[in-house]
Amino acid sequence: MQSRSSIGSIVSANVRLTDVMSHLSTTKPRVVICRNLGPDVMPLLEGRSDVEVVVWPEDSSCDRAWLLEQVNGAAGVLLMFPEKADKSLFEAAGPNLRVVSTMSVGYEHIDLTELTNRGVKLGYTPDVLTDAVADVTVMLALMAGRNAGSTIDLVQSGQWPKFRWAPFAFCGPQISTLPSSPERTVGFLGFGRISQATLKRLIPFGITSCIYTASPNSPPTHERDSAILSQYPTLKTLRRVDSDELARSSDVLFVLAPGGESTKHLINEEFLRKMKKHSVLVNASRGTLVDSDALAKALKEGWIWGAGLDVVEGEPNITLDHPLVKEPRCIILPHIGSASIETRIDMATLAVNNLLAGVFGEEMPAQLKV
Ligand code: DGY
């Protein structure tokens, strides 16, 4: 691995201009990697003799000033969703930049207009994280419904010895169906890959009905839905509905849609007021979809039962005085939906492969067609 400072030292040494020119003409394309990707993935880069690899040297978020300096003249940059690829980054990179590779399925942190205007390609990591995120999504629904926050807190604060077991203490709504309660409707705001993988996990719970909303621009989905229905004989209905029906009919509502301005605060006070009192809201996509103040009010005033969030608007600056952190029926995880060892290795591998393919003008394994 070669550090940028090696170029700097060549230029600053008192060498002949022709030496500098000859060095520059043989310079390999440089790629900037915003985090160390670990021992399973870094060899894919370190083993290459045809690229110069620059890696943020610390075990922490990449420093912005470092990134803007290193990206100057680079052919590719591999980043994650906390690092913004905005105008300042594209300007700092200059015309050599061929590819931005993000180790994420979401790409709200990339300025797509700047990217396309400059003819830069974008690689991302769909599919490989679907199962990991769907696992956490179901976990959040169970945790929020069954009071995991308060009950774990009881044990960890040493209060269990004082707790008097009581028939209905810490009870919450059950997701799985029972003979006495045979109908359950799950709702999805957005019904893409992760939603469908979540539904698959919920079918054995006896879910009888699934409703969802989708972007108004998305094509008709009858054929896909018939195929899903025939896959799960116990699922009686699968329907695209409007937002009003989604709010009123869901026992558990999963928010799994892209972030950005067009979906900002789709879950707001008006929506939450329509929801069932025993319903649970789960958000494992982007914090901006949910109005945090409205959700905190909904939980405090009992419009809904509980919430499970892997993402919160304004993250990571979510401190103890945040209204949602104060709500005992709100489970909050620090955006770890895809954080299984296997999935993160797959995501990092895909991000590296996208990067290298983009730099060398080859077909990228997962290019976002902007
Ligand atoms: C993604 O990939 O967009 C996730 O939110 C980060 O793991």
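Just so it is clear, the structure is predicted and the values come from calculations on it, not from any experiment.

Draft legend 1. Layout of the site of the ligand. Lining the immediate environment of the ligand, one finds Phe81, Ser104, Val105, Gly106, Leu129, Arg286, His335, Ser338, Arg344 and Met347. Gly106 is positioned such that a nitrogen or oxygen atom in its backbone is 2.9 Å from an oxygen atom of the ligand. Protein chains shield 92% of the accessible area of the ligand, which is 230 Å² for the free molecule. Of the residues assigned to the shell around the ligand, the class counts are four nonpolar, four polar and two charged.

Draft legend 2. Representation of the sheet that holds strand 2 (residues 52-55) in the model. With parallel pairing, five strands are arranged side by side in an open sheet as 2-1-3-4-5. Strands at the two margins of the open sheet, each flanked by one partner only, are strand 2 and strand 5 (121-123). For this sheet the average axis-to-axis angle between neighbouring strands, irrespective of direction, equals 15°. Two elements, strand 3 (residues 76-79) and strand 4 (residues 99-102), share four bridges in a ladder whose sense is parallel. Across the sheet, residue Val77 finds its bridge partner in strand 4, namely Val100. In the packing of helix 14 (residues 341-359) onto the sheet, the strands contacted are strand 1 (30-33), strand 3, strand 4 and strand 5, and the crossing angle to strand 4 comes to about 175°.

Draft legend 3. Up close: the UniProt feature "domain: D-isomer specific 2-hydroxyacid dehydrogenase catalytic" (unreviewed entry) in the protein chain. Here, UniProt's "domain: D-isomer specific 2-hydroxyacid dehydrogenase catalytic" (unreviewed entry) annotation points to residues 31-366. Helix makes up 33% of residues 31-366 and strand 14%. Its end C-alpha atoms lie 18 Å apart.

Draft legend 4. Representation of empty space enclosed by the protein within the structure. The tally for this structure, following the rule as stated, stands at one cavity of 30 Å³ or more. Space inside the largest cavity adds up to approximately 30 Å³. Surrounding the largest cavity, Asn283, Gly287, Val290, Ser292, Leu309, Val311, Val312, Glu313 and Leu324 form its lining. For the lining of the largest cavity, the class distribution of residues is five nonpolar, three polar and one charged.

Draft legend 5. A look at the UniProt feature "domain: D-isomer specific 2-hydroxyacid dehydrogenase NAD-binding" (unreviewed entry) in the protein chain. UniProt tags residues 138-337 as "domain: D-isomer specific 2-hydroxyacid dehydrogenase NAD-binding" (unreviewed entry). Across residues 138-337 one finds 30% helix and 14% strand; the C-alpha atoms that close the span lie 11 Å apart.

Draft legend 6. Representation of helix 9 (residues 193-202). For helix 9, the complete set of buried residues consists of Ile194, Ser195, Ala197, Thr198, Leu199 and Leu202. The secondary structure elements touched by the buried residues of helix 9 are helix 7 (130-145), strand 6 (185-189), strand 7 (209-213), helix 10 (222-231) and strand 9 (252-255).

Draft legend 7. Inspection of the environment of Gly361 at higher detail. Here Gly361 lies in the segment after helix 14. Under the relative-accessibility criterion, Gly361 is labelled exposed at 58%. Along the sequence, Gly361 and Gly76 sit 285 residues apart, while their C-alpha atoms lie 11 Å from each other.

Draft legend 8. Geometry of the nonpolar core. Counting residues in hydrophobic clusters, the biggest one holds 55 residues, and the most contacted among them are Ile33, Leu37, Val186, Phe188, Leu199 and Phe254. Residue contributions to this core reach at least three from each of two domains, namely domain 1 (30-127 + 343-368) and domain 2 (129-332). Excluding its chain neighbours within four sequence positions, the residues that come into contact with Phe254 are Thr137, Ala141, Val186, Gly187, Phe188, Leu189, Thr198, Leu202 and Val282. Counting 27 residues, the second largest nonpolar core, distinct from the first, contains Ala247, Leu253, Ala296 and Cys330.

Draft legend 9. Region of the structure containing the pattern of salt bridges. All chains considered together, the criterion is met by 19 salt bridges. For Arg201, the salt bridge identified is with Asp135, shortest N-O distance 2.6 Å. Taken together, the residues span a long stretch of sequence, with Arg201 in helix 9 and Asp135 in helix 7 at a distance of 66 residues. Judged by its relative accessible area of 22%, Arg201 falls in the partly exposed class. Judged by relative accessible area, which is 43%, Asp135 ranks as partly exposed. Where Asp244 meets Arg248, a salt bridge forms, and the shortest distance between an N and an O atom there is 3.1 Å. Of this pair, Asp244 and Arg248 both sit in helix 11 (residues 243-249), four residues apart, which is roughly one turn of the helix.

Draft legend 10. Spatial organisation of the sheet that holds strand 11 (residues 306-309). With parallel pairing, seven strands are arranged side by side in an open sheet as 8-7-6-9-10-11-12. For this open sheet the edge positions go to strand 8 (237-240) and strand 12 (330-332), each flanked by a neighbour on one side alone. Ignoring strand direction, the axes of neighbouring strands in this sheet form an average angle of 15°. Where helix 9 meets the sheet, it contacts strand 6, strand 7 and strand 9, and its direction lies at approximately 165° from that of strand 6. Relative to the sheet, helix 10 contacts strand 7 and strand 8, its axis offset from that of strand 8 by approximately 160°.

Draft legend 11. Structural view of the packing of helix 7 against helix 9. Where helix 7 contacts helix 9, the two axes come as close as 8 Å, and the packing angle between them is 55°. Taken as axis vectors, helix 7 and helix 9 run oblique relative to one another. Here the hand of the crossing between helix 7 and helix 9 comes out right-handed. Where helix 7 abuts helix 9, its residues Thr130, Asp131, Val133, Ala134, Asp135, Thr137 and Val138 lie against Arg193, Ile194, Ala197, Thr198, Arg201 and Leu202. Its residues assigned to classes, the contact of helix 7 with helix 9 shows six nonpolar, three polar and four charged.

How each quantity is defined
- Residues numbered from 1 in each chain as written.
- Predicted model: local features only at pLDDT ≥ 70, side-chain atom pairs only at ≥ 80, totals over all residues.
- Heavy atoms only, no water.
- Near = heavy atom within 4 Å.
- Polar contact = N/O pair within 3.5 Å; in protein donor to acceptor, adjacent residues only side chain to side chain.
- Areas by Shrake-Rupley, 256 points an atom, 1.4 Å probe, with all protein chains shown as cover.
- Nonpolar A, V, L, I, M, F, W, Y, C, P; charged D, E, K, R; others polar.
- Pairing = 2+ DSSP bridges.
- Helix = DSSP H or I, 4+ residues; strand = E, 2+ residues; numbered from the N terminus.
- Axes fitted to C-alpha atoms, helices over the stretch in contact; angles between N-to-C directions.
- Contact = heavy atoms within 4.5 Å.
- UniProt positions renumbered as here; feature names shortened; annotations may be inferred.
- 1 Å grid on protein atoms, 1.4 Å probe; cavity = no way out; pocket = protein on both sides within 12 Å on 5 of 7 lines; lining within 4 Å.
- Points joined across faces, edges and corners; volume = space filled by probe spheres on them.
- Buried < 20%, exposed > 50% of the residue type's maximum accessible area, 1.4 Å probe, protein only.
- Core = buried A, V, L, I, M, F, W, Y, C linked by side-chain atoms within 4.5 Å.
- Domains from an automatic or database assignment.
- Salt bridge = Lys/Arg side-chain N within 4 Å of Asp/Glu carboxyl O.
- Parallel < 35°, antiparallel > 145°, perpendicular 65-115°, else oblique.
- Left-handed = near helix turned anticlockwise from the far one by under 90°.

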